[in-house]
Amino acid sequence: MPAPQDGPLLDDAAGRLIRPYTVSNGRTRPTTVLDLLSLVMATGSEPQGHLGPEHTVALELCGGPTSVAEIAAHLRLPAVITKVLLSDLVDCGAVTAHAPAFHDMPTDRSLLEAVLDGLRRQL
């Protein structure tokens, strides 16, 4: 899987060569409801129409179930822009997106206290 920074859109010294909002053509609202924990996976279908280089890299990152947050981190893009790109891929049938499954497990109080104690020791 190629790293997004290997392309012409990032420069080690200068950083991102184009603004994030140009990647999404100025759009800030995805057409698909996604949150940071939504799992996205490629369907194997070829996207219809022309997609930008970030779309291509995002699609390559979706070989297995991958969270929106992970994809945003790999692309080095804000989450909202990543959601727009991924919703484009959902709209053209190249990926599917599923909300994260939350289990109705009771919270273990001793575990939460141990985490709190650990955080206090770090501060």
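None of these values were measured; they are calculated from a predicted model.

A. Region of the structure containing helix H3 (residues 68-75). Looking at H3, one finds that the buried residues are Val68, Ile71, Ala72 and Leu75. The arc enclosing the buried residues of H3, seen along the axis, measures out at 100 degrees, which places them on a common side.

B. Molecular detail of the sheet that holds strand E4 (residues 66-67). If you walk across this open sheet you meet the three strands as E4-E3-E5, and the pairing is antiparallel. At either margin of the open sheet sits one strand with a lone partner, and together these are E4 and strand E5 (95-98). Bridge analysis of strand E3 (residues 39-42) against E4 gives two bridges, and the strand direction is antiparallel. From the neighbouring strand, valine 40 faces E4, where its bridge partner is threonine 66.

C. Inspection of the nonpolar core at higher detail. Core analysis: the largest hydrophobic core is formed by 16 residues, its most contacted members being Val40, Ala58, Cys62, Ile71, Leu75, Leu86 and Leu89. Not counting residues up to four positions away in its chain, the partners in contact with valine 40 are Cys62, Gly64, Pro65, Thr66, Val68, Ile71, Leu86, Val95, Thr96 and Ala97.

D. Representation of the packing of H3 against helix H4 (residues 79-91) in the model. Running from N to C, H3 and H4 cross one another at 105 degrees; their axes reach a closest spacing of 9 Å. Taken together, the axis directions place H3 and H4 in an arrangement best described as roughly perpendicular. Judged by residue contacts, Val68, Ile71, Ala72 and Leu75 of H3 engage Ala79, Thr82, Lys83, Leu85 and Leu86 from H4. Its residues assigned to classes, the contact of H3 with H4 comprises seven nonpolar, one polar and one charged.

E. Examining a nonpolar patch on the surface more closely. Together, Leu111, Val115 and Leu119 give the surface a local cluster of nonpolar side chains, amounting to about 280 Å² of exposed area. Looking at the element boundaries, valine 115 is found in helix H5 (residues 109-122).

So, how was this worked out
Residues numbered from 1 in each chain as written. Predicted model: local features only at pLDDT ≥ 70, side-chain atom pairs only at ≥ 80, totals over all residues. Heavy atoms only, no water. Buried < 20%, exposed > 50% of the residue type's maximum accessible area, 1.4 Å probe, protein only. Helix = DSSP H or I, 4+ residues; strand = E, 2+ residues; numbered from the N terminus. Arc of directions from axis to C-beta. Pairing = 2+ DSSP bridges. Core = buried A, V, L, I, M, F, W, Y, C linked by side-chain atoms within 4.5 Å. Contact = heavy atoms within 4.5 Å. Axes fitted to C-alpha atoms, helices over the stretch in contact; angles between N-to-C directions. Parallel < 35°, antiparallel > 145°, perpendicular 65-115°, else oblique. Nonpolar A, V, L, I, M, F, W, Y, C, P; charged D, E, K, R; others polar. Patch = residues over 30% accessible without salt bridge, like charges linked within 9 Å, V, L, I, M, F, W, Y side chains within 5 Å. Areas by Shrake-Rupley, 256 points an atom, 1.4 Å probe, with all protein chains shown as cover. Salt bridge = Lys/Arg side-chain N within 4 Å of Asp/Glu carboxyl O.

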